[in-house]
There are 2 protein chains.
Amino acid sequence: MESRTSAARTGRPRSVAADAAILAATREALVELGWSKLTLGDVATRAGVAKTTVYRRWAGKNELVVDAVAALFDELELPDRGSLAADIEGVVLQFAAILDRPEAKSGLMAVVAEATRDEALRERIRASIVDRQKRLVVEGRARAAQRGELPPETDPEAASRTADLIFDVVAGAVVHRTLVSAEPVDEDWARRFAAMLFGGLAATGT
Amino acid sequence: MESRTSAARTGRPRSVAADAAILAATREALVELGWSKLTLGDVATRAGVAKTTVYRRWAGKNELVVDAVAALFDELELPDRGSLAADIEGVVLQFAAILDRPEAKSGLMAVVAEATRDEALRERIRASIVDRQKRLVVEGRARAAQRGELPPETDPEAASRTADLIFDVVAGAVVHRTLVSAEPVDEDWARRFAAMLFGGLAATGT
DNA sequence: GCGCTTTCGCTACGAGTCGTAGCGTAACTG
DNA sequence: CAGTTACGCTACGACTCGTAGCGAAAGCGC
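Cut-offs and rules
Residues numbered from 1 in each chain as written. Chains lettered and ligands numbered in written order. Predicted model: local features only at pLDDT ≥ 70, side-chain atom pairs only at ≥ 80, totals over all residues. Heavy atoms only, no water. Axes fitted to C-alpha atoms, helices over the stretch in contact; angles between N-to-C directions. Helix = DSSP H or I, 4+ residues; strand = E, 2+ residues; numbered from the N terminus. Parallel < 35°, antiparallel > 145°, perpendicular 65-115°, else oblique. Left-handed = near helix turned anticlockwise from the far one by under 90°. Contact = heavy atoms within 4.5 Å. Nonpolar A, V, L, I, M, F, W, Y, C, P; charged D, E, K, R; others polar. Near = heavy atom within 4 Å. Polar contact = N/O pair within 3.5 Å; in protein donor to acceptor, adjacent residues only side chain to side chain. Buried < 20%, exposed > 50% of the residue type's maximum accessible area, 1.4 Å probe, protein only. Phe/Tyr/Trp six-rings, centres within 6.5 Å; stacked < 30°, edge-to-face > 60°. Lys NZ or Arg CZ within 6 Å of the ring centre and 35° of its normal. Salt bridge = Lys/Arg side-chain N within 4 Å of Asp/Glu carboxyl O. Domains from an automatic or database assignment. Buried area = accessible area lost by both parts, 1.4 Å probe.

The name an unreviewed UniProt entry gives chain A is TetR/AcrR family transcriptional regulator, with Streptomyces glomeratus as the organism.

So this is what it looks like as structure tokens:
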């Protein structure tokens, strides 16, 4: 059995450097031009590759921007800050820091908007961005149960639904605050949000 | 003193029917084509007007879609359902019903994305869509205080910040659930969300 | 080494959209 | 009726799109 990524083991291999250059050029173009004025021709020029090379690897602007933005979420982590409220506060600030970057601001909402009419794109976003975030919710929930702050999970199906709810609340609130209200997610806001969410979780016993 | 809207009281007046036809055609095109494939030329044809007429009234696609989508939010109300939790649940379901319509799905997030690089567009969205929603939060908060469910507001500045927080949480969660998670905001979800938010509000004494 | 295969950069192309200008006509005012 | 503005229509240059065709480059199996 050979290497797992053996779709084509013959011929000239695709330049991995080109991949990185194209994605970096995409983020750069997002910052300078924004989503609507970003063109694949311009990205190719910035990356130092031919336009055809970009089209060989990505189906279009949507897919390219998803991959370019997804890389920004690699840095998301959940350090143990001692309490559930503090953990929530920490992840909110981290998420907000990413969202505050202009390449994320411009690109993320645009592809989400496009995804409303494109099932495959929605799945791509889910796999490369959303799931990575959602894992933090599950981790934080388990940590809180271990500390005794919340009762341990019993029904796994209910636990999954609750995790989904929390995730939509956290991510949704941060996104809405940043992009729609256009107000900063500073430490004060994060503290008040975390207090409210923690209070709701404790009150409903989930 | 003459009529208040007297920018130009001479010459041929602008057809109000054309305004309505263009906005309706925009919503129709949003449903059929989505944001990215919507063109002003197509909208003009659907509305039965010349392309130049559209450009005389709107600066571009962004502004036109904001106005077309804003009309969808006219129906938002806050009937008294007896308790704060029930009120939250009601407004969540209403908001979700609007967001579930394809013309809102496709258009709203796209203009929000564009607004990240356009201050004037952000202000237009705020005035015609966001503020209308936010008023419901203030109203619901006051009603809850009247019922004795929450302590009355003392510091008006703190009250305003809390209203902003609640608004971002409610609207953000519904938008995220609908567009990113792509899961339905049904009665069960709304009930669990309202319970969590109400618990958080009661716990933090805001 | 040598052929086979795939990717590469480059150029060119038709199709489509953009936003504007110019024109004659329509609608309303004093 | 004269003045003013909106209207429908046509045409336009500039731009982007996504694809096709080419010769050269870069690995792989023999």
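Moving on, there is more to tell.
Asker: Could you give me a rundown of the packing of helix α5 (residues 84-100) of chain A against helix α9 (residues 187-204) of chain A, with the residues and numbers involved?
Answerer: Residue and element names in this part refer to chain A. α9 packs onto α5 with a crossing angle of 135° between their chain directions and a minimal axis gap of 8 Å. What the angle tells us is that α5 and α9 run oblique. In this structure, the crossing between α5 and α9 has a hand that is right-handed. Residues Leu84, Ala85, Ile88, Glu89, Val92 and Leu93 of α5 form the contact with α9, whose own contacting residues are Glu187, Trp189, Ala190, Arg191, Phe193, Ala194, Leu197, Phe198 and Leu201. Among the residues making up the contact of α5 with α9, the classes are represented as 12 nonpolar, no polar and three charged.

Asker: So what's going on with the protein's contact with DNA strand C? Which residues, and what values?
Answerer: Taken together, 21 residues sit near DNA strand C, with Gly11, Thr53 and Arg57 of chain A together with Pro13 and Tyr55 of chain B positioned nearest. Near the protein, within 4 Å, the atoms of DNA strand C are sugar or phosphate in 62% of cases. One nitrogen or oxygen atom from the main chain of Ser15 of chain A is found 3.5 Å from a phosphate oxygen belonging to DNA strand C. A distance of 3.3 Å is found between a base nitrogen of DNA strand C and a side-chain nitrogen or oxygen belonging to Arg12 of chain B. The set of elements that each furnish at least two residues to the surface near DNA strand C consists of α3 (51-57) of chain A together with α2 (40-47) and α3 (51-57) of chain B.

Asker: Pulling in residues and values, what's your account of the environment of Leu84 of chain A?
Answerer: Residues and elements named next belong to chain A. Within the secondary structure layout, Leu84 lies in helix α5. When its relative accessible area of 5% is taken as the criterion, Leu84 is described as buried. Taking the C-alpha atoms as reference points, Leu84 and Arg141, 57 residues apart in sequence, are found 7.9 Å from one another. Those residues in contact with Leu84, other than ones at most four positions away along the chain, are Gly140, Ala144, Arg147, Glu149, Leu150, Phe198 and Leu201.

Asker: Would you mind going over the packing of aromatic side chains in detail, with residue names and values included?
Answerer: According to the stated counting rule, one finds four aromatic pairs over all chains in the structure shown. Seen in terms of ring centroids, Trp189 of chain A and Phe193 of chain A are 5.3 Å apart; in terms of plane orientation they differ by 5°. Their pairing is stacked. Taken as a pair, Trp189 of chain A and Phe193 of chain A lie in helix α9 at a separation of four residues, close to a single helical turn. Each member of the pair, Trp189 of chain A as well as Phe193 of chain A, carries the same accessibility label: buried. Aromatic side chains Phe73 of chain B and Phe95 of chain B sit 6.2 Å apart centroid to centroid with 45° between the ring planes, which places their arrangement in the tilted category. Here Phe73 of chain B, found in the loop between α4 (61-70) and α5 (84-99), pairs with Phe95 of chain B, found in helix α5; they are 22 residues apart in sequence, far enough to count as distant. A residue is classified by how much of its surface remains accessible, and Phe95 of chain B, at 6% relative accessible area, is buried. Taking NZ or CZ as reference, Lys61 of chain A lies 4.7 Å from the ring centre of Trp35 of chain A, over its face.

Asker: So what's going on with the interface of chain B and chain A? Which residues, and what values?
Answerer: On the chain A side, the residues contacting the 47 residues of chain B number 47 residues. When the shortest N-O distance is used, the salt bridge between Asp168 of chain B and Arg177 of chain A registers 4.0 Å. The tally of links between chain B and chain A comes to eight residue pairs in polar contact (both at pLDDT 80 or more). Elements that contribute at least two residues to the side of chain B that touches chain A include exactly α1 (16-37), α6 (102-115), α7 (119-147), α8 (156-180) and α9 (187-204) of chain B. Ranked by residues supplied to the side of chain B that touches chain A, first place goes to α8 of chain B with 15 residues. Tallied by class, residues from the side of chain B that touches chain A come to 25 nonpolar, 11 polar and 11 charged.

Asker: Any chance you could break down the domain arrangement of chain A for me, citing the residues and the numbers?
Answerer: Residue and element names in this part refer to chain A. Split by domain assignment, chain A resolves into domain 1 (16-57) and domain 2 (70-204). At the interface, five residues of domain 1 touch nine residues of domain 2. With both chains or domains summed, domain 1 and domain 2 bury close to 560 Å², and 81% of this area falls on carbon and sulfur atoms. The largest share of the area that domain 1 buries against domain 2 comes from Arg27, Leu30 and Trp35, three residues that together contribute 78% of it. Between domain 1 and domain 2 we count zero salt bridges in total. Among the residues making up the side of domain 1 that touches domain 2, the classes are represented as three nonpolar, one polar and one charged.

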